[in-house]
Amino acid sequence: MTPENQYVKFKNQIMTIFQEKNNHDKFIKSVSDKSLINKESINISNKNIATKITINYPGLKTYIKKNNEPVYDYRVSLNGIPISHANIDVDMYNKALQLPDDKISLLYEFLCDVEYNGYKINYQKYKPIDELNLTPPSQDLLDEISKQHTSLKKNFRIDGNNKWNYSLTELFMSLTWIVLQEDINYPRKNGKKGRQMPFYRYVEAIALADSRINTENYTITDVIGRTVQHNTIPTLYPELQRHGLYFDLSHKFNSNFFSKNE
């Protein structure tokens, strides 16, 4: 199955629920009645995985388009905690700080695989990362990210990273639905970047800890700033482009994609 067809399948699953008349009406009403925000929920379950993923809707960013149809915004919670792209940035950066370069390559591959296949990946390939028992982000890092959010007048859910290093299972199960929101809000067919945009930020966070790449011209707070701003599309970093790290969906994922740059 192609990556677009895979994510189209995920999108169709959730849109079928959202477009049921009762739910459709709730999205429309939520634009003026904020008491309806995130009141409804969908539990994403897998009998073989204990991770709890919840989709709450209608989301805060729901609005009505010119054709009088709503944009179906929603929120994704992991084990009861709402997770943002910034939380993923922090987790990726924290993991990479503790990984040798060969495992950093594996982490890049993991992201590319999830961007291509969603949660339908071969976890066993990436299990060696989980087996390292990495430590959670430091309090200093979380304080730095919180301060950055405050300066941008944004809210950072520190509990989305506090004393928590995400397992790869938690990541691929939650990321699928988190990035799908970008495909819904910013569809590639309309010339937007869709889910590519957050994956670019995740890669930028990892690259900061990659000794093979010169990232002296940016920091983790720069990545966070690029993550939370929505007015423009951030310019890509030439060094990451040179290493082929801004992977996209124009190629089929292969295990040699990153190793060729080492």
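The structure contained in this document is the topic of the report that follows. Quick caveat: nothing in here was measured; it's all calculated off a predicted structure.

1. A closer look at the layout of surface pockets
Turning to step 1, where the next piece is worked out: Roughly 1200 Å³ of volume is contained in the largest pocket.
Turning to step 2, where the next piece is worked out: Lys61, Ser84, His85, Glu182 and His230 are, among the 38 residues lining the largest pocket, the residues nearest its centre.
Turning to step 3, where the next piece is worked out: Of the residues contributing to the lining of the largest pocket, the split by class is 14 nonpolar, 14 polar and ten charged.
Turning to step 4, where the next piece is worked out: Roughly 330 Å³ of internal volume is contained in the second largest pocket.
Turning to step 5, where the next piece is worked out: When residues of the lining of the second largest pocket are traced back to their parent elements, those giving at least two are helix 1 (3–18) and helix 7 (168–185).
Turning to step 6, where the next piece is worked out: Here the lining of the second largest pocket is built from residues that sort into eight nonpolar, three polar and four charged.

2. Quick word on a nonpolar patch on the surface
Turning to step 1, where the next piece is worked out: A cluster of nonpolar residues, Ile28, Val31 and Ile64, forms a patch on the protein surface that exposes about 180 Å² of accessible area.
Turning to step 2, where the next piece is worked out: Looking at where Ile28 falls in the secondary structure, it is placed in helix 2 (residues 21–30).

3. What about the pattern of salt bridges?
Two side chains carrying opposite charge are able to pair once their charged atoms lie near each other.
Turning to step 1, where the next piece is worked out: For the structure on display, the rule yields twelve salt bridges.
Turning to step 2, where the next piece is worked out: Measuring nitrogen to oxygen at the nearest pair gives 2.8 Å for the salt bridge that ties Arg212 to Asp210.
Turning to step 3, where the next piece is worked out: Here Asp210 falls in the buried class, since its relative accessible area comes to 3%.
Turning to step 4, where the next piece is worked out: Here Arg242 makes a salt bridge to Glu239, at a shortest N to O gap of 3.2 Å. Here Arg242 pairs with Glu239, and both are found in helix 10 (residues 238–242), just three residues apart, close to one helical turn.
Turning to step 5, where the next piece is worked out: For Arg242, a relative accessible area of 59% gives the class exposed.
Turning to step 6, where the next piece is worked out: A cluster of three or more residues bridged by salt bridges with shared partners is formed by Asp101, Asp210 and Arg212.

Quick notes on the rules
Residues numbered from 1 in each chain as written. Predicted model: local features only at pLDDT ≥ 70, side-chain atom pairs only at ≥ 80, totals over all residues. Heavy atoms only, no water. 1 Å grid on protein atoms, 1.4 Å probe; cavity = no way out; pocket = protein on both sides within 12 Å on 5 of 7 lines; lining within 4 Å. Points joined across faces, edges and corners; volume = space filled by probe spheres on them. Nonpolar A, V, L, I, M, F, W, Y, C, P; charged D, E, K, R; others polar. Helix = DSSP H or I, 4+ residues; strand = E, 2+ residues; numbered from the N terminus. Patch = residues over 30% accessible without salt bridge, like charges linked within 9 Å, V, L, I, M, F, W, Y side chains within 5 Å. Areas by Shrake-Rupley, 256 points an atom, 1.4 Å probe, with all protein chains shown as cover. Salt bridge = Lys/Arg side-chain N within 4 Å of Asp/Glu carboxyl O. Buried < 20%, exposed > 50% of the residue type's maximum accessible area, 1.4 Å probe, protein only.

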